[in-house]
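The primary structure of each chain is shown beneath.
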Amino acid sequence: MEGQKEDEEHHPLPIPLILPYRMGNFQLCHRIVLAPLTRQRSFNNIPQPHAILYYSQRTTKGGLLIAEATGVSDTAQGYPHTPGIWTNKQVEAWKPIVDAVHAKGGIFFCQIWHVGRVSNQGFQPNGQAPISCTDKPVIPQVRANGVDVARFSPPRRLRTDEIPRVVDDFRLAAKNAIEAGFDGIEIHAAHGYLIDQFLKDQVNDRTDKYGGSLENRCRFALEIVEAIVNEIGADRVGIRLSPYASYSGAGDSNPNTLCLYMIESLNKYGVLYCHMVVPKMKTVVDETECSDSLMLMRTAFRGTFIVGGVMAEKMVTRLWQRTAQILLLMVGGSWRILICHAGLSSMPLLTSTTAKHSILKIRLLAIPIILFLKPINA
């Protein structure tokens with residue numbers, strides 16, 4: 001995360017990931033975030049009691065967690081057993097889960113989404129076609145496990161007069177998330193799902209005010225941002241973007257221009273954070289070397305900037321090596337150190353590596369928190 005700078009003079013040899021950070025009204029004790037994960041354990045689209053244990057295990061005091069992608073309506077589904085937040089029953093089911101995270105001092109945001117054309121009629125009410133900005137279908141694709149093949153029904157292009165209803169679905173979902181106790185929401189505008197379909201020129205072939213020009217293609221996303229900001233406040237709103245990715249065929253011919261336009265527009269609304277996916281994650285199963293960088297976007301965005309996607313093993317190794325170096329220096333010198341190991345309850349760090357056709361996701365669930373005290377001889 002990048003944003004407000006802290007005075008780090010009392011943190012010799014700092015490891016940035018485990019330093020505190022002020023994110024708007026939220027005081028974080030470290031900078032490692034639980035990424036939103038599609039768990040597919042919410043039967044009938046209702047969060048289950050076992051999620052209380054799942055999320056509380058991954059909570060640290062002052063740590064930020066982003067819940068699994070949560071549907072904004074009954075047309076938003078594209079995967080089995082993903083949770084929703086459009087009914088009272090779903091809201092009530094989320095409450096004890098959120099309470100468990102808060103009981104351990106965590107900060108909990110709900111990621112809200114609509115998959116758009118990344119669906120099929122089996123997931124849709126009354127067996128209807130999935131909705132999208134287009135009627136172009138998604139070609140069959142291999143799931144993240146490298147084995148299963150997903151197949152999608154041809155989508156139905158939304159009429160212009162239908163789009164405000166979908167915008168309102170996002171607004172109501174955000175309102176419901178706050179009612180359920182979440183501290184805020186993250187708008188899922190990445191990875192080839194509905195909002196991303198509107199954003200990307202390789203999918204959006206509309207000729208109305210929601211297609212064609214860059215401004216028109218971004219209109220749907222920004223209408224959602226505006227509606228949610230007006231409903232719950234900008235200080236509770238984050239957004240996830242993947243301008244360089246081509247998930248489910250949703251690529252763009254000029255991702256830099258697209259991203260900068262979105263960043264500049266988001267600045268006007270004053271949203272809390274922007275969660276970006278690293279440029280080399282072009283698809284769900286491929287890590288591609290490229291020269292694109294997020295530095296320009298990080299500089300342009302005025303709020304907190306969060307980066308997700310691939311974290312190669314060598315980066316993880318460096319983190320652990322750096323931790324070991326500091327421990328040795330502190331032990332060899334005259335510093336007191338307190339190391340808190342919370343086992344499965346400690347900070348989750350997601351990294352992924354590509355092995356042929358599969359992604360190996362590694363969760364580091366026991367990163368030590370080092371609290372530096374004053375020197376013994378001070």
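Residues numbered from 1 in each chain as written. Predicted model: local features only at pLDDT ≥ 70, side-chain atom pairs only at ≥ 80, totals over all residues. Heavy atoms only, no water.

Q: I'd love a proper account of the pattern of salt bridges, names of residues and values included.
A: Across all of its chains, the model carries 13 salt bridges by this definition. Arg206 is the partner of Asp208 in a salt bridge, and the nearest nitrogen-oxygen pair spans 2.8 Å. Neither residue differs from the other here; Asp208 and Arg206 are each classed as buried. Overlapping salt bridges bring together Arg156, Arg159, Asp161 and Glu162 as one network. (Salt bridge = Lys/Arg side-chain N within 4 Å of Asp/Glu carboxyl O. Buried < 20%, exposed > 50% of the residue type's maximum accessible area, 1.4 Å probe, protein only.)

Q: Quick one: what's the story with the pairing of strand 12 (residues 237-241), residue by residue and with numbers?
A: Counting buried positions over the 5 residues of strand 12 gives 5, a clear majority of the element. Residues of strand 12 alternate between two faces, with Val237, Ile239 and Leu241 on one and Gly238 and Arg240 on the opposite face, all of them buried. The pairing of strand 11 (residues 184-189) with strand 12 spans 5 bridges and is classified as parallel. Across the sheet, residue Ala189 finds its bridge partner in strand 12, namely Leu241. Sheet topology places strand 12 next to strand 13 (residues 273-277); 4 bridges connect them, and they run parallel. If you follow Gly238 over to strand 13, its bridge partner there is Tyr273. For the crossover from strand 12 across helix 6 (residues 255-269) to strand 13, the handedness is right-handed. (Helix = DSSP H or I, 4+ residues; strand = E, 2+ residues; numbered from the N terminus. Pairing = 2+ DSSP bridges. Right-handed = clockwise from strand over helix to strand, strands pointing away.)

Q: Break down the packing of aromatic side chains for me, citing the residues and quoting the values.
A: Applying the stated criterion across every chain, the model contains 11 aromatic pairs. Judged by centre distance (4.8 Å) and plane angle (75°), the ring pair of Trp113 and Tyr193 falls under edge-to-face. With Trp113 in strand 6 (residues 107-113) and Tyr193 in the loop between strand 11 and helix 4 (194-199), this residue pair connects regions lying 80 residues apart in the sequence. Its relative accessible area of 9% is what places Tyr193 among the buried residues. An aromatic cluster is present here, built from Tyr54, Tyr55, Trp94, Phe108 and Phe182 joined pairwise through their rings. Positioned above the aromatic ring of Tyr54 is the side chain of Arg39, whose terminal nitrogen or guanidinium carbon lies 3.7 Å from the ring centre. (Phe/Tyr/Trp six-rings, centres within 6.5 Å; stacked < 30°, edge-to-face > 60°. Lys NZ or Arg CZ within 6 Å of the ring centre and 35° of its normal.)

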